[in-house]
Amino acid sequence: MLYGCDNKDMYPNRDAIITLYREMKNLGNVDYVGAVHVTFSSVVADPECVDKIREINNFGPSRWSGIQPGIETGSIEMFKRHMPLKAKPFSPEEWPEVVEEGIKILNRNYIFAACTLVMGLPGETDDDVKDTIDLIKRLDGSAFVVAPLLWTDYFEPENSLTTEKFTKLHWKLYYLCWKLSTKAIYNWIWYATAHFPPFIRHIAGIFGKLGAHYQLKYVRDKAKKMLGEDPDFD
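Here's a quick rundown of the structure. Being a predicted model, the structure only gives us computed values, none of them experimental. (Residues numbered from 1 in each chain as written. Predicted model: local features only at pLDDT ≥ 70, side-chain atom pairs only at ≥ 80, totals over all residues. Heavy atoms only, no water.)

For the rest of this paragraph, the subject is the nonpolar core. The biggest cluster of nonpolar side chains holds 53 residues, and the ones touching the most others in it are F40, I71 and I136. Broken down by element, the residue count for this core peaks at eight residues, all from helix α7 (residues 168–192). Aside from chain neighbours lying at most four places away, what touches I71 is F40, W95, V99, C115, T116, L117, L135, I136, L139 and V146. (Core = buried A, V, L, I, M, F, W, Y, C linked by side-chain atoms within 4.5 Å. Buried < 20%, exposed > 50% of the residue type's maximum accessible area, 1.4 Å probe, protein only. Helix = DSSP H or I, 4+ residues; strand = E, 2+ residues; numbered from the N terminus. Contact = heavy atoms within 4.5 Å.)

So, about unusual backbone geometry. For residues besides glycine, phi is generally negative; the peptide bonds are generally trans as well. For the peptide bond that leads from K88 to P89, omega is 10°, which places it in the cis range. Along the polypeptide, P89 turns up in the loop between α4 (76–82) and α5 (95–108). Of note in the backbone geometry, E72 takes a positive phi value of approximately 70° without being a glycine. Given a relative accessible area of 14%, E72 falls into the buried group. Here the phi dihedral of Y110 falls at roughly 60°; this positive angle occurs in a residue that is not glycine. Looking at where Y110 falls in the secondary structure, it is placed in the loop between α5 and β3 (111–119). Judged by relative accessible area, which is 24%, Y110 ranks as partly exposed.

So, about the pattern of salt bridges. For the structure shown, the criterion picks out 11 salt bridges. The partner of E72 in a salt bridge is K86, with the nearest N and O atoms 3.4 Å apart. With E72 in strand β2 (residues 70–72) and K86 in the loop between α4 and α5, the pair connects residues that are 14 residues apart, well separated along the chain. When the shortest N-O distance is used, the salt bridge between D230 and R220 registers 2.7 Å. Residue D230 is found in the segment after α8 (198–227), and its partner R220 is found in helix α8; the two are separated by 10 residues along the sequence. Using a relative accessible area of 31% as the deciding quantity, one classes D230 as partly exposed. The partly exposed category is assigned to R220, whose relative accessible area is 27%. What you see here is one network of salt bridges that share partners, running through R14, D46 and E48. (Salt bridge = Lys/Arg side-chain N within 4 Å of Asp/Glu carboxyl O.)

Relative to strand β4 (residues 144–150), β3 runs parallel, the two being bridged by seven bridges. Paired with A113 across the bridge in β4 is F144. Regarding the hand of the β-α-β motif, the stretch spanning β3, helix α6 (residues 126–138) and β4 is right-handed. (Pairing = 2+ DSSP bridges. Right-handed = clockwise from strand over helix to strand, strands pointing away.)

This part covers α8. The end-to-end C-alpha distance of α8, which contains 30 residues, comes to 43 Å, matching closely the 44 Å that a straight helix rising 1.5 Å per residue would cover. Of the positions making up α8, those classed as buried are R201, G205, A212, L216, V219 and A223. Backbone geometry just downstream of α8 places G228 in the positive-phi region, at approximately 80°. (Expected span 1.5 Å × (residues − 1).)

Let's shift gears to a negative patch on the surface. On the surface, E77, D126, D127, D131 and D134 cluster together to form a negatively charged patch. One can find D134 in helix α6. Looking at D134, the relative accessible area reads 38%, which means it is partly exposed. (Patch = residues over 30% accessible without salt bridge, like charges linked within 9 Å, V, L, I, M, F, W, Y side chains within 5 Å. Areas by Shrake-Rupley, 256 points an atom, 1.4 Å probe, with all protein chains shown as cover. Lys, Arg positive; Asp, Glu negative; His and termini not counted. Charge placed at Lys NZ, Arg CZ, Asp CG, Glu CD.)

Under the counting rule described, the total for this entry stands at seven aromatic pairs. Residues Y32 and F59 carry aromatic rings whose centres are separated by 5.8 Å and whose planes lie at 70° to one another, so their mutual orientation is edge-to-face. Separated by 27 residues along the polypeptide, Y32 in the loop between α1 (14–25) and α2 (40–45) and F59 in the loop between α3 (47–57) and β1 (65–67) bring together distant segments of the chain. Their ring planes at 75° and their centres at 4.9 Å tell us that F166 and W171 sit as a pair that is edge-to-face. F166 sits in the buried class, given a relative accessible area of 10%. These aromatic residues form a ring-pair network of at least three members: F40, F79 and W95. (Phe/Tyr/Trp six-rings, centres within 6.5 Å; stacked < 30°, edge-to-face > 60°.)

Honestly, it's all geometry; don't read function into it.
This is the structure:
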């Protein structure tokens, strides 16, 4: 959504994006034109551009696509400290609402959001983790999965977050991400694989659900062992 961007406020250049998609779609034997990454802020800044992309690709109830946006954090303080420009053209203070609206726009256009977030950002406190937990809980029911990534410091590895350093809230956030992702796989994998050949679609559905189930069980058992209690929420 930043292709051809020609302004400092990072508003998408809709004409450039739509021209690119149309030209690529018309190259020949092209089924649809996808993308790997997108920023939530650019999606919310120009939802009509996402609508046009859906029209060009004929996305619909039986024809979904997917894309990878970064949630990063639900903490405004962490966002302001580490990545304030990622919110443009919005303010860092608006980031949680931008994430929520961005997923709604993507889902409305039959685009599944495969999200990531970062745990253990430098300076992170329990309140910051709580803010991220609150944001992820508000996304429950959307067509999305979220992979919790651990902060890695390549220059001073001792500052990296590992599961051995997890706080109680880290375990709750980590488990919550896997719980909602597993729920989404169960609820949405049939839609997400609608463009697969029938046999492959059934295989993907079976193994996707089994894999998610066992991964969730592993995370839950590990968290219970480390915490001495169930990591699930009331």
